[in-house]
Amino acid sequence: MIEQESEWNSSDESVPYRPAKGIFIGLLSFCTFIILFVGFFFWYIPSIGLVNIHPALPIILGIGLAVIILILIAGAVGISLAIIKGRDIFLSYKFRGILIKFFLPLMIMVGGILRIPKIKIEQSFIEINNQLVKGLGKRFKPERILILMPHCIQFVGCKIKVTQSVKNCVGCGRCEIAELLWLSEEFGIDLFVSTGGTIARRKVYEKRPNAIVAVACERDLISGIQDAYPLPVLAVVNKRPQGYCMSTGVEIAAVRDAVRGLLA
């Protein structure tokens, strides 16, 4: 959920954060077609041999595959309608797990084959995830919400360890830590600055929040959303004026809006 320690190709640092829902829906539709084709293939080939064992086996296998495919298609359709309409359609938020666990890895793989920049798919997914989380219509008490920040948001030359306690910040103004601390105190929400994904997961396990507001780069947000599921996560993409993993930033207004969207 929070930035990882490993280096990452920073060739896309200058790509602006402009989620393209059309790319996401297109990939979702294409992946649904692949599912239909693969489902038919896995039914047709075994049915040639299964009929020799028992005449009913091809039918049983076909029904089982049809049920799985219908669930996946229903999820794809429900999510697509929610994206188009901008609101929940037919309990589409319930298909968020299918999107996170199944469609996203498949879309990234297909996107790679079609030469669609991975960051574009990630940005689209983050936008759609946030829309589905807001579509839940649930609100939470401040003490049940956790704000997670990457340690790279701290000024690179700062000697104070805010990862041990964010309240150690002296408010020098050289990074947004002080503003985030004021925001967390204003709403009474826990703020945690993590040194990596493992530490962030441990904090989530200890705190056991009902919802999370997370700030990081696209890749780490995707990983965090997958790890945290089924917890609702509102993701905010960080600013990277100096590239990845060094003196990054965040729009405080975006964090504030995310918090307000979750508060009772």
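Here's what I pulled together on the structure shown here. Given the structure is predicted, the values throughout are model-derived calculations rather than measurements. (Residues numbered from 1 in each chain as written. Predicted model: local features only at pLDDT ≥ 70, side-chain atom pairs only at ≥ 80, totals over all residues. Heavy atoms only, no water.)

1. Topic: a nonpolar patch on the surface
- A cluster of nonpolar side chains, Phe-30, Phe-33, Phe-37, Val-38, Phe-41, Phe-42, Met-109, Ile-113 and Leu-114, forms an exposed patch at the surface whose accessible area comes to about 960 Å².
- Of all elements in the fold, only helix H1 (21-53) and helix H3 (96-113) reach the threshold of two or more residues within the nonpolar patch.
- When residues of the nonpolar patch are assigned to their parent elements, the largest contribution, six residues, is made by H1.
- Relative to the elements of secondary structure, Phe-41 occurs in helix H1.
- With relative accessibility at 44%, the residue Phe-41 sits in the partly exposed group. (Patch = residues over 30% accessible without salt bridge, like charges linked within 9 Å, V, L, I, M, F, W, Y side chains within 5 Å. Areas by Shrake-Rupley, 256 points an atom, 1.4 Å probe, with all protein chains shown as cover. Salt bridge = Lys/Arg side-chain N within 4 Å of Asp/Glu carboxyl O. Helix = DSSP H or I, 4+ residues; strand = E, 2+ residues; numbered from the N terminus. Buried < 20%, exposed > 50% of the residue type's maximum accessible area, 1.4 Å probe, protein only.)

2. What about the packing of helix H4 (residues 118-135) against helix H7 (residues 218-228)?
- Put simply, H4 and H7 touch, their axes get as near as 9 Å, and they point 50° apart. In this view, H4 runs oblique relative to H7, as classed from their interaxial angle. The two elements H4 and H7 meet at a crossing, and its hand is left-handed. On H7, the residues touching Ile-119, Glu-122, Gln-123, Phe-125, Ile-126 and Asn-129 of H4 are Glu-218, Arg-219, Leu-221, Ile-222 and Ile-225.
- Classifying every residue of the contact of H4 with H7 gives six nonpolar, two polar and three charged. (Axes fitted to C-alpha atoms, helices over the stretch in contact; angles between N-to-C directions. Parallel < 35°, antiparallel > 145°, perpendicular 65-115°, else oblique. Left-handed = near helix turned anticlockwise from the far one by under 90°. Contact = heavy atoms within 4.5 Å. Nonpolar A, V, L, I, M, F, W, Y, C, P; charged D, E, K, R; others polar.)

3. Describing the packing of H3 against H7
- In the contact formed by H3 and H7, the axes pass within 10 Å of each other and the chain directions differ by 130°. Relative to H7, the element H3 lies oblique. Here the hand of the crossing between H3 and H7 comes out left-handed. Residues Arg-96, Ile-100, Lys-101, Leu-104 and Pro-105 of H3 lie in contact with H7, whose contacting residues are Ile-222, Ile-225 and Gln-226.
- The residue inventory of the contact of H3 with H7, partitioned by class, reads five nonpolar, one polar and two charged.

Limitation: the analysis is restricted to geometry and does not speak to function.
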